[in-house]
Amino acid sequence: MQNITVTARERDTVLAALRYYQFYRMQGHPFDPRQDHLIDSIASENGDALDLTEIDDLCAGLNGNKHALRASA
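Peer 1: How should I be thinking about the overall build of the protein chain in this particular structure?
Peer 2: Each helix and strand in the protein chain was counted, giving four helices and zero strands. Along the chain direction, N to C, the helices and strands of the protein chain fall in the order α-α-α-α. Residues classed as buried in the protein chain amount to 18% of the 73 residues present. When contacts within the protein chain are restricted to residue pairs at least 6 apart in sequence, those whose partners lie at least 24 apart make up 64%. As displayed, the protein chain has an accessible area near 5500 Å², and 54% of this comes from carbon and sulfur atoms.

As structure tokens, then:
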């Protein structure tokens, strides 16, 4: 088992991604982009949503690679 540490902002992004995927699976068809505001609301619960570089860093960390955000926090 691997344990990881994430910031509150990173957790919000992971939760938003999981809800996005959950909703997509429940609908049985591609996600409706008109509902993206719901995902943005979850992802920005604890501040600004992660930007694209921060999301890449989080994905790298979740995959066991160097996690730049944790080093700078």
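Peer 1: Explain the pattern of salt bridges to me, please; I cannot follow it from the model alone.
Peer 2: Pairing between side chains becomes possible if they bear opposite charge and their charged atoms approach one another. With the rule as written, the count across this model stands at two salt bridges. Here Glu54 ties to Arg9 by a salt bridge, and the two come within 3.0 Å at their closest N and O atoms. Within this pair, whereas Glu54 is found in helix α3 (residues 52–62), its partner Arg9 is found in helix α1 (residues 8–27), the two being separated by 45 residues in sequence. Judged by its relative accessible area of 27%, Arg9 falls in the partly exposed class. With a closest N to O distance of 3.4 Å, Arg11 and Asp12 form a salt bridge. The class for Arg11 is partly exposed, based on a relative accessible area of 39%.

Peer 1: When you look at α3 in this model, what are you seeing that I'm missing?
Peer 2: Side chains that are three or four residues apart share a direction in an α-helix, a result of its 3.6 residues per turn. Buried within α3 we find Glu54, Leu58 and Gly61. Down the axis of α3, the buried side of the element spans an arc of 60°, and every buried residue falls inside it. Opposite the packed face of α3, turned more than 90 degrees from it, sit the exposed residues Leu52, Thr53 and Asp56. The opening residue of α3, the one whose side-chain oxygen lies 3.1 Å from the backbone nitrogen of Thr53, is Asp51. Immediately beyond the C-terminal end of α3, within one or two residues, lies Gly64, with a positive phi of roughly 85°.

Peer 1: Can you walk me through a nonpolar patch on the surface in this structure?
Peer 2: The grouping of Ile4, Val6 and Leu62 at the surface amounts to a nonpolar patch, some 210 Å² of accessible area in total. Tracing the sequence through the fold places Leu62 in helix α3. Accessibility expressed as a relative area gives 37% for Leu62, which makes it partly exposed.

Peer 1: Just to check I follow, could you spell out the confidence of the model for the protein chain for this structure?
Peer 2: The predicted coordinates ought not to be read in detail in places where the model reports low pLDDT. Model confidence for the protein chain is summarised by a mean pLDDT of 75, while 70% of its residues fall at 70 or above. Across the protein chain, element-level confidence peaks in α1 with a mean pLDDT of 81 and bottoms out in helix α4 (residues 68–72) with 52.

Peer 1: Just to check I follow, could you spell out the side chain of Glu54 for this structure?
Peer 2: Among the residues examined, Glu54 registers a relative accessible area of 16% and is labelled buried. Engagement of the side chain of Glu54 in a polar contact is seen with the side chain of Arg9, the distance being 3.0 Å.

Quick notes on the rules
- Residues numbered from 1 in each chain as written.
- Predicted model: local features only at pLDDT ≥ 70, side-chain atom pairs only at ≥ 80, totals over all residues.
- Heavy atoms only, no water.
- Helix = DSSP H or I, 4+ residues; strand = E, 2+ residues; numbered from the N terminus.
- Buried < 20%, exposed > 50% of the residue type's maximum accessible area, 1.4 Å probe, protein only.
- Contact = heavy atoms within 4.5 Å.
- Areas by Shrake-Rupley, 256 points an atom, 1.4 Å probe, with all protein chains shown as cover.
- Salt bridge = Lys/Arg side-chain N within 4 Å of Asp/Glu carboxyl O.
- Arc of directions from axis to C-beta.
- Polar contact = N/O pair within 3.5 Å; in protein donor to acceptor, adjacent residues only side chain to side chain.
- Patch = residues over 30% accessible without salt bridge, like charges linked within 9 Å, V, L, I, M, F, W, Y side chains within 5 Å.
- pLDDT = per-residue confidence, 0-100.

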